[in-house]
Amino acid sequence: MSKMKNIPNNLTKWDLSEDSLAPLTDYQKECLLNLEEELFPDSNLKTEETGDTVCASEETKKSVQIERCQDLLEHYAKLEKECMDRKDMKYVLYLNELQSRRQECHELCLQIEEALEDFTLLYKQFSEVSDKTISLYDASEQLDSDQRKLNSTIENITEYVKYFKDIDMMMEKLEAPTLSVNSEMFFNILDKIDTNIDFVQNNLSFKESNTYLIKYKHCQSKAISMMQNYIFNLFSKTTESILNLKDNDDSQDNADAALALFYGRFQTILSKARPVIEQIEAKSYKRQEYDSLLSECHQCYWSQRGLVLGSSVQKSLMSVKEKYNGDHCSLVRNSCALLLHASMDEYKLFYEFFSKPSSGLTAYLESLCTSLYDTLRPFIIHINHLETLAEICCILRIEMLDEHVQNNFEPLEGFGNICLQLLHDVQERLVFRAHLYLQSDVLNYNPSPGDLAYPEKLKMMEDIAESIREESRQTKMKKISISSNDDNNLEPISRNHIEIDSIYQKTHMGNSPADLHGMWYPTVRRTLVCLSRLYRCVDRSVFQSLSQEAISLCVQSIENARHEIEKRASSLDAELFQIKHLLILREQIAPFQVDFTIKEYSLDFSKVKTAAFGLLEKSSRFFTLSNNALLEFLLEGAPQMKEQLIDSRKHVDNKLKYTCQRLIQHATFLLIHPILKLLEREKLYTNTPDASPEHALGSPQDVAAAISEVLRIIKFKCPEIQQLMQLYLSNKETEFILFRPVKNNVCAAFTQLYQILSKYYNSEELLLIACPLPEQISVMLSSSSLTHGKNTQSTAKKT
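Model, not experiment: these values are computed from the prediction.

Criteria and cut-off values
- Residues numbered from 1 in each chain as written.
- Predicted model: local features only at pLDDT ≥ 70, side-chain atom pairs only at ≥ 80, totals over all residues.
- Heavy atoms only, no water.
- Axes fitted to C-alpha atoms, helices over the stretch in contact; angles between N-to-C directions.
- Helix = DSSP H or I, 4+ residues; strand = E, 2+ residues; numbered from the N terminus.
- Parallel < 35°, antiparallel > 145°, perpendicular 65-115°, else oblique.
- Contact = heavy atoms within 4.5 Å.
- Nonpolar A, V, L, I, M, F, W, Y, C, P; charged D, E, K, R; others polar.
- Patch = residues over 30% accessible without salt bridge, like charges linked within 9 Å, V, L, I, M, F, W, Y side chains within 5 Å.
- Areas by Shrake-Rupley, 256 points an atom, 1.4 Å probe, with all protein chains shown as cover.
- Salt bridge = Lys/Arg side-chain N within 4 Å of Asp/Glu carboxyl O.
- Buried < 20%, exposed > 50% of the residue type's maximum accessible area, 1.4 Å probe, protein only.
- Phe/Tyr/Trp six-rings, centres within 6.5 Å; stacked < 30°, edge-to-face > 60°.
- Lys NZ or Arg CZ within 6 Å of the ring centre and 35° of its normal.

*Asks:* Can you lay out the packing of helix 17 (residues 522-537) against helix 18 (residues 540-568) for me, pointing to particular residues and giving the numbers?
*Replies:* With their axes 9 Å apart at the nearest point, helix 17 and helix 18 run at an angle of 175° to one another. Of the possible angle classes, the one that applies to helix 17 and helix 18 is roughly antiparallel. Contacts between helix 17 and helix 18 involve Thr 523, Val 524, Thr 527, Leu 531, Leu 534 and Tyr 535 from the former and Phe 543, Leu 546, Ser 547, Ala 550, Ile 551, Cys 554, Ser 557 and Ile 558 from the latter. Across the contact of helix 17 with helix 18, the residue classes break down as 10 nonpolar, 4 polar and no charged.

*Asks:* Would you mind going over unusual backbone geometry in detail, with residue names and values included?
*Replies:* Note: most peptide bonds trans; most residues except glycine with negative phi. Note that the residue after Tyr 454, namely Pro 455, is joined by a cis bond; omega there is 5°. With respect to the element layout, Pro 455 can be found in the loop between helix 14 (413-443) and helix 15 (456-483). The phi dihedral of Glu 208 is positive, around 60°, even though this residue is not glycine. Secondary-structure assignment places Glu 208 in the loop between helix 6 (184-202) and helix 7 (209-248). At Ala 770, a position not held by glycine, the phi torsion is positive, near 55°.

*Asks:* I'd love a proper account of a nonpolar patch on the surface, names of residues and values included.
*Replies:* Side chains of Leu 108, Ile 112, Leu 116, Phe 119 and Leu 122 sit close together on the surface and give an oily, nonpolar patch of about 500 Å² of accessible area. Mapped onto the secondary structure, Ile 112 falls in helix 5 (residues 89-175).

*Asks:* Explain the environment of Val 542 to me, using residue names and the numbers behind them.
*Replies:* Structurally, the position occupied by Val 542 is in helix 18. Assessed through its relative accessible area of 29%, Val 542 is described here as partly exposed. Linking Val 542 and Glu 428, residues 114 residues apart in sequence, is a C-alpha distance of 9.8 Å.

*Asks:* Can you lay out the packing of aromatic side chains for me, pointing to particular residues and giving the numbers?
*Replies:* Tallied over the full model, the rule gives 20 aromatic pairs. Ring centres of Phe 235 and Tyr 301 lie 5.6 Å apart, and the angle between their planes is 65°; on these two criteria the pair is classed as edge-to-face. Taken together, the positions of Phe 235 in helix 7 and Tyr 301 in helix 10 (residues 288-323) put the pair 66 residues apart, joining distant regions of the chain. With a centroid separation of 5.7 Å and 80° between ring planes, the pair formed by Phe 235 and Phe 353 is classed as edge-to-face. One end of the pair, Phe 235, is in helix 7; the other, Phe 353, is in helix 11 (residues 328-353), and 118 residues separate them in sequence. Using a relative accessible area of 0% as the deciding quantity, one classes Phe 353 as buried. Members of the aromatic cluster, each reached through a chain of ring pairs, are Phe 235, Phe 266, Tyr 301, Trp 302, Tyr 347, Phe 350, Tyr 351, Phe 353, Phe 354 and Tyr 364. Its end group placed over the ring of Tyr 263, Arg 305 keeps NZ or CZ at 4.9 Å from the ring centre.

This is the structure in structure tokens:
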């Protein structure tokens with residue numbers, strides 16, 4: 001047993017480094033170390049950490065006693081297990097670490113769950129508190145809103161009550177005897193009354209609104225009555241003071257004193273009346289009551305001004321009437337000027353008191369100017385002189401209406417209406433007198449011998465003009481000769497003389513004495529003067545009718561004068577007289593910018609005669625029911641209205657054309673009447689079938705004598721005709737236009753004669769007759785014209 005117990009001790013000693021029981025070689029030791037490393041690879045790890053465990057195992061080894069094999073095996077198994085444990089130590093440690101961390105996580109989860117439970121409880125408590133806070137806030141807001149509404153209601157009630165409480169205060173102030181209409185307090189009361197009335201009218205649902213509205217209306221009526229009495233008293237007292245002063249003072253004939261009296265007195269109350277009137281006008285745009293009050297103030301003002309100015313205007317017009325008793329134009333001009341200035345002054349004075357326009361102002365000014373119409377009309381309807389009537393028309397239309405009324409239409413509208421009425425009366429009188437004048441002094445004009453002394457008066461006027469030119473030329477030549485000192489200046493003097501004489505000829509020699517206004521036939525002069533007056537004085541339509549009548553009567557009077565001149569002078573003079581005056585008439589009516597065309601209506605009775613004859617033929621059907629002759633006569637025989645256009649200018653042109661044709665025929669007859677007789681004889685021969693050829697034109701000697709007579713007439717008569725044309729017309733273009741057809745007629749007559757002579761006479765007889773060719777006649781007429789022109793120029797140079 002003792003041996004058994006020493007075995008472990010021996011085993012422990014067998015490996016000692018000193019005194020080992022079984023000493024090992026180095027090789028064996030190395031093998032044991034290798035084996036130990038194989039068996040215990042981690043035996044050296046964590047020595048510090050496992051120091052306590054190794055000591056414990058060594059102590060265990062020392063305490064363990066192996067007595068049996070079983071103990072060895074167990075001990076070996078134990079060692080093997082410990083070896084195995086040491087080998088798994090890091091895993092065990094890691095597992096232990098994980099288990100500790102797991103435990104910590106578990107504990108942390110438990111703490112989180114507890115915190116969540118606490119948070120849930122806290123949130124629940126917060127929700128309860130939040131709900132209670134919101135409900136408290138809503139309740140506070142509601143209370144605050146209710147409080148504001150109540151305060152607003154209180155304020156509105158206070159404001160509304162004010163409109164109802166002011167009525168007593170306003171009535172007391174309006175009843176106060178010291179209250180002045182022209183004061184700031186009164187104007188404030190008016191504004192409050194209007195404001196309160198608007199409030200009550202906009203809130204008729206309030207209790208007793210109608211009652212208070214009636215009260216405020218009563219206050220407004222009382223205020224309006226006070227303003228009306230105030231304004232009326234101011235106007236009436238001022239009018240009384242003016243009338244009393246005017247009756248007691250005899251110095252009002254002075255214009256300045258009258259102006260100061262009539263306008264200065266009213267301007268003195270302007271500062272008193274103007275503020276009240278401004279209040280009325282400002283409120284008249286919104287209130288009908290104030291608009292009516294303003295109209296009444298206007299009427300009162302106009303009535304008072306009418307009392308002030310009515311008699312004065314009448315008196316002034318009577319003085320003007322006495323001053324210009326025989327001068328109608330001055331009477332009209334000065335009377336109109338008087339009312340024109342009065343209208344301007346009244347307009348200015350009215351707008352010094354009032355600023356709002358009124359249509360009644362024109363009526364008032366027109367009534368003020370009615371005295372002008374009453375004063376002037378009795379004179380106008382008795383004026384017979386056309387010049388005076390025309391001058392009055394110009395005064396009324398140009399001076400008054402165009403110059404003054406158009407430039408100041410608003411102030412002078414009433415005055416313009418009266419002037420227009422006067423103008424219509426003057427125009428009516430003018431038209432009536434013009435019609436009588438045209439009948440008596442144009443159509444029925446009885447010319448004197450001097451009026452018909454043609455061409456003597458034209459020649460006399462031409463001689464007078466030539467003598468005047470001669471005297472003027474001699475006077476100039478004397479002045480030139482005196483001023484010249486040497487012969488070197490003779491050439492420029494003659495040149496100057498030639499230039500002056502040529503200019504004088506161009507200016508004066510080209511005009512006929514018939515072109516002078518005083519040389520016109522009196523009816524032409526009167527007609528044109530009458531038309532020139534009427535053109536500026538009457539309306540266009542009236543002028544067209546009168547001009548048509550005047551021109552027709554004037555043309556007729558020229559025709560009558562032509563017959564008288566033809567009796568005492570010659571047909572050529574009469575026709576040139578008529579042509580010249582028709583040209584003057586056409587030229588003078590050209591500037592009138594009117595249409596001389598008028599419409600005339602007449603009844604056409606042509607069907608009446610036919611229907612009457614038809615009625616006589618159908619006498620058997622007078623009383624039949626069907627196809628009654630009387631009924632057919634009434635239907636078919638009614639006269640028809642015909643419309644006819646009459647153009648005065650065309651009438652003058654047609655008359656002028658007809659007269660020119662007659663002049664051409666007459667001039668042609670004067671020049672070649674023997675040849676015309678030969679041509680007429682040839683026509684008679686042609687129409688007579690049994691006539692012998694030798695008696696067609698006569699013997700060659702007779703024909704030759706006729707042709708020589710015609711050539712002699714052309715030589716001497718053609719210049720006379722052209723001289724007469726120049727004397728009457730004095731226009732080369734017109735003379736050429738009139739003489740060219742005469743020349744063509746003469747040439748055509750010689751052409752026809754030459755053809756006839758070739759038909760009836762042989763060559764020997766033609767040589768004996770010696771009929772010139774048409775070309776020769778044309779050259780002869782042209783040479784006579786040139787000779788006449790040269791003679792005229794030489795005569796002019798001599799003069």
